[in-house]
Amino acid sequence: MTPAQAVEHALAQRVGGGRRLDPALVLGVGLSLGGVAVTQPLALLAGVLMMALVTWRVMGHGLRVAVLIAVAVGGLRATAEVQGHERAWGAARVLVGPDSRCQGEGAIVSSPVARGGEPSFLTDLTLSCDGRAVPGRHRVRLHGGPDDLRRGDRVDVNVQIAPVQILRNLELADPRPGAARREATLSGTVLSLERTASGWGLRHTIDGARAHARRRILATFDPLAAPMARALVLGENDLDPEDDEAFRRSGLAHLLAVSGTHLVFAVVSLVGLMTALLVRVTWLSSRICVARLSAAVGCPLALLYADYAGGSGSAWRAAFMLTAVFAARVVSRRAGPARSLGWSLCAGAAVDPLVAYDISFLLSAAATVGLVCVGSPALAWAERLTLTGKSRVFRYLTASVLATVGSMVPCAPLLALMSPDLTLAGVLANVVAAPLGEIVALPLCLAHAVMTPLPSLELGAARVAGGALLIVRQVAHLSADASALAFAVPPPGALHLVVLGAGGAATLIAAWRGARRRALAFGALSLALLGGAEAWVRWAQTPRGVLRVAQLDVGQGDAALVDLPDGRLMLIDAGGSPMEGAGFDPGARVILPILRERRRAHIDVVVLTHPHPDHYGGITSVLEAVSVGELWVSGSPGGASYRRALAKVPRVRTSAELCDAHLSGADYRLEVIGPCPLAPELGENDNSLVLRFEMNGRALLFTGDAEEAQELALLERGARLDADWLKAGHHGSRTSTSEGFLRAVRPALVGISCGVRNRFGHPHQEVMDRLSQSHISTWRIDDRGSLELTLRGGELHYTGFALRGESRRVPPQARSPALAGAEP
């Protein structure tokens, strides 16, 4: 039997066991994916219609109706969850403010995890901030405090908190479902904590066991191996950034994620041992089926272990699937892989309506599908090689490669969402590392948690398991460094996923029904449609004859991507934190993912308006990942990190050169109108590069952090400032956007780049009042997410995250009489 025939035979046995699809599997998929309606309603509708077509002959009418109801229910529950969190987050922003010192009283509601040597946990608190009571209760993610905290503990805290940062960019995945799943509306640091009452109950006990296991791992494992052991046992992701990147790029991250393998060692082994012991109790085994009794114990045991192991999506999915298997055994039924997977999906969606946004849950489910449909038959086929005289080594290698490929193929689209490249070295890395990780390290790490009474045995287990993990770590680094075997993959969009889902289902169903030629035809058609979808995306993301500006949400900083009408791409500033080295990296988290979505690996011009870290903080990541034609800077010297960034680009141009030149095409013109000349006595803000784009009689104006002094210099020099859209200077500070400057610009729309956690009160109320009194529309990035402007044929339109892609027209320079005086 060939591998293809083995897969065909396995599908016939596993997917449905007859002429119809398993109802539990279909309903589980429907409930899980219904949540996609929150962010991609049209894609979900298209997917449901396509799936209805490809499953028409293998699904009864009643099941079709049930699936539609499941999708609708899943969508409604997910929408309610996201909207509820949005309301709570909005209220927290108003009631608490951007950065506050607060006192709180409440309970710990999530299992504490260790990150960077400090506990991180979710609390439910009543707050008093800066001397005033805050209405209601709030979910607050806190960092710090003692390491023995547990769920249910009641605490009094002094904290420094702010609204959680939710970066909302139109071109990236909607972050709201993820934020709703994490529950917190506020986050910050513990300044002091007093436990006023200790909790009780099962979860409290589990957290005590977790804290004990964490302490013993840190005490006995090699420091390089301890984070990996904690990931295996407790589900804590606290790896060194370089190790984390290596495991991700090598395709070995699954070895450190709690999955079905963990439950086999931790739960199935215990259930099997319990059965073996109870069989020997004659008076009991002669009266009842001890295998069913053990299976009944295994049901809650699987769920308790998932909670102990960190409660990740992959852990819960595996626990739900194992619970379904045990429950079937209790009632003397057999639950096949498809039905067990289906019930695990149903349970996951019932507990979490936003489970479709849990990448670990989806990866776990996809890998299970791959193992069931390809891995298991591949292993059976490899077993038959023994009969043909093949060596055991050859059989093992063949089976390992086929099983690895089988589990990786369904995961590939999801991995492409997370990483810019995949590697073929991952197949070999899994063959080498999986036995060490799953057969040596995993059982020893799990056993290590109960070896404390035997110190010598505990230390021995730690050394052997730690040694195995260090070898796995080395394999991960070697695989990640094998750049010759890595290949770039574009992130799949909604259209790609619909094609892959429907095409994959059609192919598998055809194979299940024994129609091999039809399966091959469906597979080929899916690949052709996928290629067409990718070609369309690449064409759409390189617009011609259009001036497109995307003002990005990077928190309290500035960053914008500008597509010029001739196809060239500019990046104006790269975001960052006002405090150098603090906060997240906007280059890695926002700019590079958007460039991946656009399929752009080259930026023609990078502009750093001035050397402040909230404008250049993300540039290092960008320069390391994509090629850059030239870099424009003001000429201000800046600090050491700024100068290091400049040294990475061969061609750097300053305002001294740029003020005498311009960039233009057939129907557009870009001018640098400030600082001309550089005025060192004014400081770096007032020496920001100021750029004016003009096309078909409409104009856009970027001002960096220019304040009143530079605005006055521009006015005195007679620079042309009129523009339909203005980026407010210095994030809407009262030191910028003066009345005289507004009178000269006469904008119809002003974009204000500021973050929800900024400590400066941006935008200042004086500026907002000035704009309001002048009847100028505003778009605040902190309130409404990213903004996108499109100028084509003299018509300027804008959209943004808050508009969900709905386009609105910008009227030609709607001048305010209060500022503009008489019409020109």
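Rules used in this analysis
- Residues numbered from 1 in each chain as written.
- Predicted model: local features only at pLDDT ≥ 70, side-chain atom pairs only at ≥ 80, totals over all residues.
- Heavy atoms only, no water.
- Helix = DSSP H or I, 4+ residues; strand = E, 2+ residues; numbered from the N terminus.
- Polar contact = N/O pair within 3.5 Å; in protein donor to acceptor, adjacent residues only side chain to side chain.
- Contact = heavy atoms within 4.5 Å.
- Pairing = 2+ DSSP bridges.
- Axes fitted to C-alpha atoms, helices over the stretch in contact; angles between N-to-C directions.
- Buried < 20%, exposed > 50% of the residue type's maximum accessible area, 1.4 Å probe, protein only.

> I tried to follow the side chain of serine 364 on my own but got confused; where do I start?
Mapped onto the fold, serine 364 is located in helix α14 (residues 359–384). At a separation of 2.5 Å, a polar atom in the side chain of serine 364 contacts the side chain of arginine 317. Those residues within four positions of serine 364 in sequence are excluded, and the remaining contacts are Ser314 and Arg317.

> In this structure, what is going on with the sheet that holds strand β19 (residues 725–727)? I would like to understand it.
Adjacent strands of a sheet pair through backbone hydrogen bonds, lying either parallel or antiparallel. Strand order in the open sheet formed by seven strands is β15-β16-β17-β18-β19-β20-β21, and the pairing between neighbours is mixed. The open sheet terminates on both sides in strands that have one partner only, identified here as β15 (662–664) and β21 (777–780). Sheet twist, expressed as the average angle between the axes of neighbouring strands with direction ignored, equals 15°. Pairing of strand β17 (residues 690–695) with strand β18 (residues 698–702) involves five bridges; the strand directions are antiparallel. Paired with arginine 692 across the bridge in β18 is leucine 701. Strands β16 (668–674) and β17 of the sheet are contacted by helix α25 (residues 708–717), whose axis makes an angle of about 115° with β16.

> Quick question: what am I supposed to make of the pairing of strand β4 (residues 132–143) here?
By the bridge criterion, 10 bridges tie strand β3 (residues 118–129) to β4 in an arrangement that is antiparallel. Bridge pairing in β4 places threonine 123 opposite valine 140. Sheet topology note: the β4/strand β6 (residues 186–197) ladder contains four bridges and is parallel. Its bridge partner being in β6, arginine 141 is matched across the sheet by serine 187.

> Just to check I follow, could you spell out the environment of glycine 97 for this structure?
Along the polypeptide, glycine 97 turns up in the loop between α4 (61–96) and β1 (100–108). By relative accessible area, glycine 97 is classed as buried at 12%. Sequence separation of glycine 97 and cysteine 129 is 32 residues, and the distance between their C-alpha atoms is 9.2 Å. In this structure glycine 97 touches Ala92, Ala162 and Pro163, once residues within four positions along its chain are discounted.

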